[in-house]
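Tertiary structure, described
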Amino acid sequence: MTATTTPARRPTAFWRFLTGSWQALEFSRNLALNLLFLFIVVFLLIAIFSGGQKKILPKTALVLNPSGMIVEQFSSSPIDRAIASATGEEQPETQLRDIIKALESAAEDPNIDRVLLIPHNITGMGPATGREFAAALARFKESKKPLYAMADAYSQQTYLLAAQADKVFMDPEGAVLLEGMARYRTYFKGAFDKFGIEPHLFRVGEFKSAGEPYIRSDASPEAKEADLFWMGDIWQRMLTDIATARGTTPEALAAMIDGYVDSISAVGGDLGKLALDQKLVDGLLTRQQLRDMMIKEGIEDEDEHTFRQIGFTNYVARQNALPKFPGSNQVAIVIAEGSIVDGDQSPGTVGGDSTSRLLRNAREDEDVKAVVLRVDSPGGGVFPSELIRREVELIQAAGKPVVVSMGDLAASGGYWISMNADEIVADPSTITGSIGIFGLFMNVPEAMGKVGLNTDGVATTWLAGAFDPTRELDPRIGAMIQQVINNGYANFIGRVAEAREQDVDAIDKIARGRVWSGAQAMERGLVDRLGSFDDAIRSAAKRAKLDDYETRYIEKEPTPFEAFMAGMSQSHLGAFLGARGWLSPISTLSDRPDAELAQLKALLQNPHPGLPVSVQAHCECGVQ
């Protein structure tokens with residue numbers, strides 16, 4: 001018997017096509033990865049062998065030119081910041097801590113002989129931030145090194161900074177316009193009535209005005225009374241700070257504002273001349289004239305055809321590049337900046353889970369002996385605020401003191417997360433209080449009816465479907481929600497009374513959603529003392545009985561790639577790529593939407609954990 005073998009089946013044409021395509025794809029993938037790796041290696045070698053950063057030579061001026069918002073913590077990603085730096089784009093944010101560190105280092109640096117402040121690229125900063133910045137400039141002057149200020153023009157915010165300088169210069173076409181403070185909001189009731197949108201606001205406290213724009217066409221008398229009271233205090237303090245720095249009086253500055261119409265007419269509309277006549281600036285210089293002056297007083301950089309200088313970003317990068325070896329006695333700093341919302345959030349927003357995790361990390365770190373919680377928040381959701389407050393209590397239960405340092409804002413939910421600290425330190429111009437909560441629910445059956453839509457059906461109970469926004473709100477649901485708000489407010493003032501060791505009725509009288517300045521809050525027992533961020537750090541160390549200690553920010557760790565990109569922006573590699581246009585922005589910050597509409601969206605997307613309705617401890621207390 002002869003054995004036979006069946007010949008192997010030849011792959012079909014379709015199978016051969018798939019196999020060949022996969023092999024081609026695999027080859028392309030490997031080739032792309034190898035080329036990318038080779039690209040990185042080549043430019044890293046360029047960076048390494050092109051030499052390190054140039055040494056700072058004697059008689060170098062530090063050009064302090066922050067841009068964007070002055071913040072406690074970056075909200076943009078390290079990648080975006082690195083690319084913006086490499087391509088020469090304006091940074092959207094500058095950290096206050098970097099500004100203070102640069103000024104402190106420059107005061108001690110023998111090669112830095114002066115500081116030139118250029119503040120006109122600052123787009124915003126709160127009143128407490130402005131005072132911290134101004135105080136850092138005043139401390140630099142104690143080094144006896146010259147401090148000059150120069151700008152195309154000065155806003156009210158940036159002039160407070162410039163006023164600290166030995167000499168204030170401005171472009172001849174510029175202006176210094178002190179205005180005062182204002183708070184105007186957009187009110188939606190008329191539009192909602194026209195479109196058939198029915199907002200339902202539930203609150204406790206006649207001063208809790210955050211939800212008013214959705215049910216009114218104007219500000220309530222209580223809102224106007226409260227706003228003018230705290231704004232007036234902060235404004236008078238700003239006038240005093242400027243007047244003290246410029247050797248005049250608050251009354252004289254106020255008279256300037258009152259007389260603007262006549263004084264501008266007297267100089268024929270020349271605002272630069274007006275600023276000079278009013279002694280708000282010491283000279284009107286073009287940029288070239290300023291360069292010539294700086295060269296004359298310092299040393300010319302012949303290669304760059306200007307005075308010898310180092311930029312603020314470069315100088316900070318050098319300081320941050322120094323190795324740090326934190327010891328076993330640390331004061332940890334946790335930043336809570338932005339609105340308080342549920343879940344994990346990026347820096348710039350306070351996440352109930354993410355900020356709680358940072359506090360938990362501080363509690364579990366044996367080297368951390370005390371914690372400073374830096375709060376700059378208008379509040380937000382009640383539930384995430386409570387999660388963070390509980391973590392503060394757990395840190396204290398672990399035997400570690402917690403000191404809260406209030407920045408520009410620590411109101412409503414911002415106060416909620418602060419109230420249990422061993423000590424609350426606020427700037428006199430901090431905006432705080434707003435102890436109260438509110439709920440917001442909207443339904444749209446009338447709006448639907450305008451376009452011929454209607455909702456109908458059946459349910460097994462009266463409650464099923466009762467929160468459907470396409471149906472009329474059942475009065476029983478409204479009563480339920482109001483009871484939840486009442487309970488939340490009672491819990492809030494009860495916790496404040498316990499934490500502040502006061503009677504509940506006494507707290508209720510100063511709560512009810514009313515906003516206070518830091519100074520006013522201290523008079524009413526809501527904060528322990530007035531002081532700076534550094535004061536809070538020193539207090540935390542003292543409470544932990546630390547004579548020798550180091551500070552450490554506990555923040556969300558960047559990914560390895562983010563850390564690489566952040567460092568690369570200050571290296572020769574980043575400059576090499578950016579100069580050749582090989583790095584371009586891969587993402588941009590979107591334009592800021594209308595503030596009130598953005599706030600409404602945030603409110604409706606942050607519901608109570610037990611009800612499909614937004615319950616907020618939020619203060620809408622920004623100013624223009």
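Heads up: these notes are all about the structure in this document. (Residues numbered from 1 in each chain as written. Predicted model: local features only at pLDDT ≥ 70, side-chain atom pairs only at ≥ 80, totals over all residues. Heavy atoms only, no water.)

In this section: the pairing of strand 13 (residues 330-337). Extensive coverage of strand 13 is indicated by the burial of 8 of its 8 residues. Of the two faces of strand 13, the one holding Gln330, Ala332, Val334 and Ala336 and the one holding Val331, Ile333, Ile335 and Glu337 are both buried throughout. For strand 13 and strand 24 (residues 550-553), the ladder comprises 4 bridges, and the chain directions are parallel. Pairing of Ile333 across the sheet is with Tyr553, part of strand 24. Pairing between strand 13 and strand 16 (residues 368-377): 8 bridges, direction parallel. Among the inter-strand pairings, Glu337 is bridged to a residue of strand 16, identified as Asp376. (Buried < 20%, exposed > 50% of the residue type's maximum accessible area, 1.4 Å probe, protein only. Helix = DSSP H or I, 4+ residues; strand = E, 2+ residues; numbered from the N terminus. Pairing = 2+ DSSP bridges.)

For the pair helix 13 (residues 352-364) and helix 14 (residues 382-397), interaxial distance at closest approach is 9 Å and the crossing angle is 5 degrees. Overall, the two elements helix 13 and helix 14 adopt an arrangement that is roughly parallel. Within the contact between the two elements, helix 13 uses Gly352, Asp353, Thr355, Ser356, Leu359, Arg360 and Arg363 and helix 14 uses Pro384, Leu387, Ile388, Glu391, Val392, Leu394 and Ile395. Partitioning the contact of helix 13 with helix 14 into residue classes produces 7 nonpolar, 3 polar and 4 charged. (Axes fitted to C-alpha atoms, helices over the stretch in contact; angles between N-to-C directions. Parallel < 35°, antiparallel > 145°, perpendicular 65-115°, else oblique. Contact = heavy atoms within 4.5 Å. Nonpolar A, V, L, I, M, F, W, Y, C, P; charged D, E, K, R; others polar.)

With the rule as written, the count across this model stands at 3 cavities of 30 Å³ or more. Space inside the largest cavity adds up to approximately 90 Å³. Surrounding the largest cavity, 17 residues form its lining, Phe207, Ser209, Gly513, Val515 and Cys619 being those nearest its centre. Among the elements that make up the lining of the largest cavity, the one with the highest residue count is helix 7 (residues 221-246) (4 residues). Tallied by class, the residues present in the lining of the largest cavity amount to 8 nonpolar, 4 polar and 5 charged. (1 Å grid on protein atoms, 1.4 Å probe; cavity = no way out; pocket = protein on both sides within 12 Å on 5 of 7 lines; lining within 4 Å. Points joined across faces, edges and corners; volume = space filled by probe spheres on them.)

With that settled, consider a nonpolar patch on the surface. A contiguous nonpolar patch, built from Phe27, Leu31 and Leu35 and spanning about 320 Å² of accessible area, is present on the exposed surface. When you line up the elements, Phe27 lands in helix 1 (residues 13-49). A relative accessible area of 58% means that Phe27 is categorised as exposed. (Patch = residues over 30% accessible without salt bridge, like charges linked within 9 Å, V, L, I, M, F, W, Y side chains within 5 Å. Areas by Shrake-Rupley, 256 points an atom, 1.4 Å probe, with all protein chains shown as cover. Salt bridge = Lys/Arg side-chain N within 4 Å of Asp/Glu carboxyl O.)

Any functional reading would require information beyond the geometric quantities listed.
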